[in-house]
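So you can see what is in the structure, the chains are spelled out below.
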Amino acid sequence: MKKLICIFFIVISLSGFSQQRLLTKRIIYTVEFVESEIQSSAQKDSIVYNYIVNKRFFWEAMDELISKLKNKKLYLTSFRGDTIQWDTVFYDLTKQLNILDSKKYSKKDVEKTLENEIRAIKFMEEWTYDPNTMLVTKKINAYCPIVKRDTISLIGDELKGANAFVFELGWIRQKEAKPSENALLLTRNIQYTMPIYNPKPYSWWDSNLEAEYSVPFFDMLFDKTEKSHIECWESPDAVQPLLKNEIEKRKKHSVSTTIVREVGDDDIIQSDTSITMSYTADDIDHLRFGEEILFDKGNLTFYKNVNYFAPTVRIFLAGGEFIGFYPIYYIRKR
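It should be emphasised that the depicted structure is a prediction, and the values quoted were computed from it without experimental measurement.

Novice: So what exactly am I meant to see when it comes to the packing of helix α3 (residues 86-101) against helix α4 (residues 107-116) here?
Specialist: A pair of packed helices can be characterised by two numbers: the angle between their axes and the separation between those axes. Contact geometry of α3 with α4 gives a least axis separation of 10 Å together with a crossing angle of 95°. The orientation of α3 with respect to α4, classified from their angle, is roughly perpendicular. Residues W86, F90, L93, T94 and L97 of α3 touch α4, and the partners they reach there are K107, V110, E111, T113 and L114. Broken down by class, the residue content of the contact of α3 with α4 amounts to six nonpolar, two polar and two charged.

Novice: Looking at this model, I keep getting lost on the environment of R332. Mind explaining?
Specialist: Mapping R332 onto the fold places it in strand β16 (residues 331-332). Once the C-alpha coordinates of R332 and F289 are considered, the two residues, 43 residues apart in sequence, prove to be 9.8 Å apart. Aside from chain neighbours lying at most four places away, what touches R332 is L135, W233, S235, P236, D237, A238, V239, N307 and Y308. Here P236 takes part through its backbone oxygen, which lies 2.7 Å from a polar atom of the side chain of R332. Side-chain polar atoms of R332 contact the backbone oxygen of A238, separated by 2.9 Å.

Novice: Sorry if this is basic, but what is going on with the environment of N141 here?
Specialist: Its place among the elements puts N141 in strand β7 (residues 136-155). Along the chain, N141 and E125 lie 16 residues apart, while their C-alpha atoms are 5.4 Å from each other. Leaving out residues up to four positions away in the same chain, N141 has contacts with M124, E125, E126, I172, R173 and Q174.

Novice: Would you mind going over the packing of helix α5 (residues 211-226) against helix α6 (residues 244-251) with me for this structure?
Specialist: For the pair α5 and α6, the least separation of the axes is 9 Å and the interaxial angle reads 135°. One way to sum up the angle between α5 and α6 is to call them oblique. Touching F222, T225 and E226 of α5 are K244, I247, E248 and K251, all from α6. Classifying every residue of the contact of α5 with α6 gives two nonpolar, one polar and four charged.

Novice: Would you explain helix α2 (residues 55-70) in this entry?
Specialist: Each α-helix turn comprises 3.6 residues. Residues three or four places apart therefore point the same way. Between its first and last C-alpha, α2 extends 22 Å over 16 residues, near the 22 Å set by a 1.5 Å rise per residue. Within the span of α2, buried status applies to F57, F58, A61, M62, E64, L65, I66 and L69. Taking the backbone nitrogen of R56 as reference, a side-chain oxygen 3.2 Å away marks N54 as the first, capping residue of α2. Backbone geometry just after α2 places K72 at a positive phi near 60°.

Novice: I keep staring at the packing of aromatic side chains and nothing clicks. Help me out?
Specialist: Two aromatic rings are characterised by how far apart their centres lie and by the angle between their planes. Scanning all chains against the criterion turns up 22 aromatic pairs. A ring pair is formed by Y143 and F302, whose centres lie 4.7 Å apart and whose planes are at 80°; its orientation type is edge-to-face. Taken together, the residues Y143 in strand β7 and F302 in strand β14 (residues 301-316) connect sequence positions 159 residues apart. Given a relative accessible area of 0%, Y143 falls into the buried group. Owing to a relative accessible area of 1%, F302 belongs among the buried residues under this scheme. What links up through ring pairs into an aromatic cluster is the set Y29, W127, Y129, Y192, F217, F218, F289 and F309.

Novice: Would you mind going over the confidence of the model for the protein chain with me for this structure?
Specialist: Predicted coordinates in regions of low pLDDT should not be interpreted in detail. Predicted confidence across the protein chain gives a mean pLDDT of 87, with 85% of residues reaching 70 or more. Looking at the elements of the protein chain, mean pLDDT is at its lowest for helix α1 (residues 2-17), recorded as 41, and at its highest for strand β6 (residues 118-129), recorded as 98. When the criterion is pLDDT under 50, residues 1-17 qualifies, and its contacts beyond four places in sequence or with other chains add up to two contacts.

Novice: What should I look at first to understand the nonpolar core in this one?
Specialist: The nonpolar side chains of a soluble globular protein tend to be buried, and buried together. Ranked by internal contacts, the top residues of the largest apolar core, which has 69 residues, are W127 and F302. In terms of residue count, the dominant contributor to this core is α2 (seven residues). Other than its neighbours up to four places away in sequence, F302 contacts M62, I121, F123, I140, Y143, Q174, L186, I293, L294 and F295. With six residues, the next largest nonpolar core counts I28, M124, A142 and W171 among its residues.

Cut-offs used in this document
- Residues numbered from 1 in each chain as written.
- Predicted model: local features only at pLDDT ≥ 70, side-chain atom pairs only at ≥ 80, totals over all residues.
- Heavy atoms only, no water.
- Axes fitted to C-alpha atoms, helices over the stretch in contact; angles between N-to-C directions.
- Helix = DSSP H or I, 4+ residues; strand = E, 2+ residues; numbered from the N terminus.
- Parallel < 35°, antiparallel > 145°, perpendicular 65-115°, else oblique.
- Contact = heavy atoms within 4.5 Å.
- Nonpolar A, V, L, I, M, F, W, Y, C, P; charged D, E, K, R; others polar.
- Polar contact = N/O pair within 3.5 Å; in protein donor to acceptor, adjacent residues only side chain to side chain.
- Expected span 1.5 Å × (residues − 1).
- Buried < 20%, exposed > 50% of the residue type's maximum accessible area, 1.4 Å probe, protein only.
- Phe/Tyr/Trp six-rings, centres within 6.5 Å; stacked < 30°, edge-to-face > 60°.
- pLDDT = per-residue confidence, 0-100.
- Core = buried A, V, L, I, M, F, W, Y, C linked by side-chain atoms within 4.5 Å.

Structure follows, in structure tokens:
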């Protein structure tokens, strides 16, 4: 009897230890399903959209959504959960397109826009993680299709695509269900980098991880990688995991600063120098994800499986110019 009780408590303890822990109860952020680029010709420059997911399957998924919305078999809601009529959304989109292009859009024109120009999805999710592996799991609670157009803009010394028009159709609340065998595989791996701290007041859910959950998560992540309790990689497709000295090396960075020394009573000497420092959990302000995304036409539900993620920092020049992102290391499935 004592032996059975002992085994019972061991099982309960192990089960409790491996339970998923909360990383955020609600986070909202946008995933772009296309990349825009500038196509130059002798006549003019134009925007070209390249899908970074399966284009046919994504269009099939959006066609199914729009069809259900038009036929009142699916309903949109506001952020607060109030029902929005499809006719109202269609009218508002028509009105904004008329203003954008200074012309009158027909019903057919607007329907064509909906067929071809839904290029992003905003997701409302709950995140948890396994304290043993630190792998993140995402549960999608709602999603919002977005009509997007870019325009050519001079950013720095380069011509780049910039947002010109963004129209959110409204939120679709997901029901909890497992994907069917006929779910559309939109992508085996889509990679994107997103901010995780939002300084704007009254919008704490917008690309923001609550500090009470994120700080313990990153502290535990750094501790486990430093002590080799979990493996991490230099890139998502690296063959060998990083060694301890390699992890430390990847965390080091140089900071330019000015040292001021007093010479005598009134004189000072200033000298520029570079100091080597190490990134800590407090420096992480972005996360890079690689995900598999599916869409089930039967229940009109999105599913995500996280293939890998990387704690990421922004890199700036001494003058404050942003030059890119630096993933410290990747945590991935085996």
